[in-house]
Amino acid sequence: MLENLQNQLDETINLIDTLPENTKDNRQKKLKYIAEEEMKSLALLTAINNELKYRTAKFSFLKENKALEELQKELDKCTIIDEWSTYNTSYEKLHLDYYLYQLHRYYKNDLENVNNCIRQILDIFKGVGINLTQEDFDYHPYVSKYITMIQNNTDEEQLKDAFEPLYWKLPELIKAIEINFKSIYLKYEKKIDKYFETKQKEYLSKHTDKELIDKKQQLIKTINSTREKDPYYIFNKFVNKEYMLNDYNENDINKRKQLYFNDLGYTFDFLLEFYQVLFDYKLILKYNYLFKDIKELLSQVNTLKDAKKNALKKVLNTEKQIKKLTGKGLFGKEKNPDSYLIKYKALLTQIIDEYTELEDASFKDTIFNNFNTNSSALNALELVSLNYLHFINKLKEVDDNEELDNINSKYNELKDILNTNNFVLLDKLSLLDEYQLKQVIVDKYVLDGVKLTKEQLEADSIDKTLADIKILINNEYIIRSGLKLEDIKLYFDVKSLDI
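What counts, and at which threshold
Residues numbered from 1 in each chain as written. Predicted model: local features only at pLDDT ≥ 70, side-chain atom pairs only at ≥ 80, totals over all residues. Heavy atoms only, no water. Helix = DSSP H or I, 4+ residues; strand = E, 2+ residues; numbered from the N terminus. Buried < 20%, exposed > 50% of the residue type's maximum accessible area, 1.4 Å probe, protein only. Contact = heavy atoms within 4.5 Å. Areas by Shrake-Rupley, 256 points an atom, 1.4 Å probe, with all protein chains shown as cover. Polar contact = N/O pair within 3.5 Å; in protein donor to acceptor, adjacent residues only side chain to side chain. Core = buried A, V, L, I, M, F, W, Y, C linked by side-chain atoms within 4.5 Å. Patch = residues over 30% accessible without salt bridge, like charges linked within 9 Å, V, L, I, M, F, W, Y side chains within 5 Å. Salt bridge = Lys/Arg side-chain N within 4 Å of Asp/Glu carboxyl O. Lys, Arg positive; Asp, Glu negative; His and termini not counted. Charge placed at Lys NZ, Arg CZ, Asp CG, Glu CD.

Asker: Please set out the overall build of the chain residue by residue, giving values where relevant.
Answerer: When helices and strands are tallied, the chain shows 22 helices and zero strands. Going through the 499 residues of the chain one by one, you find that 40% of them count as buried. For the chain, restricting intrachain contacts to residue pairs at least 6 apart in sequence, the fraction spanning at least 24 positions comes to 78%. As displayed, the chain offers around 28600 Å² of accessible surface, 51% of which is attributable to carbon and sulfur atoms.

In structure tokens form, the structure reads like this:
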């Protein structure tokens, strides 16, 4: 359209150059002609401007699909199945592992976040019917004093003023609060277990586990297919530069098809399955350190039987000494905390290590009770995704310099992956299988007519392979959405002209 206008202007200018100017009458005719052509050009330019605005305005009418929002709410409800998973204890189900780790990491430089974590934990207990009182905080008088101030809704400035002298006397105050919360969990563990058992029974009185699992899988499939072909979603992918127009021109699409497929072509369902297999394989590479760890623990399963029971005995014994030390003296008189400070610090250090041992033993106990030679790679990822502390410990073995925000981001990424995919390989692959998976995948798809090589599945190539197949999938969704790439390109061209 703009090109046609330019050609018309060029023709007019060439014609004007040929008009005679040798007489006054000719010069007047030429000026009149120029004025007429200028009016025509301006009118045409206005018409083009209006047409461009009209053709691009339709994108402003695209709205987020409300059905997707409702489907996502239904999918979120399916996470209730985690509340009765045998892959973690009530401690993890309450997310105490998460919040106490945040508390542990924040204590050195962010008192406000420490206080918010404490409030969150108090609310967690309240949510399962346990209203904690001053008597529950019996690890040290300073612990009781500070927690009581938080429970009384003391403002942040006053909390800061109160914290500093307490911290000066007992630098391990936050650690003592952390361990006290762990002790409180043990104290009410049976009641908390009962809470989750009751919720499960209420649900299973009307449904079955299989119904919930099937519902979750169907919702994932529906959400993915609905979202991926949604015009609003696709258009915003281009706006945010997650999709690039050059990747979707006809020549590039055909090159990708020729790179991976022979003349027989493929169905869309086949393409989706192929992509999921590649994605599953990438996860095997990405989380190989987690698979190795679970395999190693599974090989030691016969040694794990009494680990949790023995670790718990140590904790309870040391805890008894701490409470005796910090409790009231003769005739019910309060002891001076300074009188037992050295002994208290030693016992606190000891019980911190013992709780770490108990948490490790609890994870191993889960493996002992739930895993066997038939457990799948997907089972292993589900296990780790429900045990935040174990994920952190393994991640820090890979990179001890990981920042807390990055740790949480990677943990949430794993959970999102498990909650947004219907796997076709991970759930069928035995954790203990030892064979050349890369070669198996290549052989399978070569037989199906795919030009796949082992090199395309290497750790440094798999992302490129996945991206190519994803572009072919996206292209099909764009076609199904009714959007036209030339209209999207026009939108960006017009936007760059600022008209």
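Moving on, there is more to tell.
Asker: Got a sec to walk through the side chain of Glu 92? Specific residues and values, please.
Answerer: Here Glu 92 lies in helix H4 (residues 90–93). Looking at Glu 92, its side chain comes within polar contact range of the side chain of Thr 89, at 2.6 Å. Other than its neighbours up to four places away in sequence, Glu 92 contacts Asp 97, Leu 386 and Asn 387.

Asker: Please set out the environment of Asn 419 residue by residue, giving values where relevant.
Answerer: As for its position among the elements, Asn 419 is in helix H19 (residues 404–419). Along the chain, Asn 419 and Gln 217 lie 202 residues apart, while their C-alpha atoms are 9.1 Å from each other. Setting aside chain neighbours within four positions, we find Asn 419 in contact with Leu 75, Lys 216 and Ile 220.

Asker: An account of the nonpolar core is requested, with residue identities and associated values reported.
Answerer: With 71 residues, the main nonpolar core has Phe 261, Phe 291, Ile 294, Leu 426, Ile 441 and Ile 469 as its most contacted residues. With 11 residues, the single largest contributor to this core is helix H13 (residues 268–286). If near-sequence neighbours (up to four positions away) are discounted, Ile 469 is found in contact with Tyr 260, Phe 261, Leu 271, Phe 274, Tyr 275 and Leu 278. Residues Phe 125, Ile 179, Tyr 344 and Leu 348 belong to the second largest nonpolar core, which totals 51 residues.

Asker: Provide a residue-level description of a negative patch on the surface, including the pertinent values.
Answerer: On the surface, Asp 155, Glu 157, Asp 161 and Glu 164 cluster together into a patch of negative charge. Along the chain, Asp 155 turns up in the loop between helix H7 (141–151) and helix H8 (156–169). For Asp 155, a relative accessible area of 40% corresponds to the partly exposed category.

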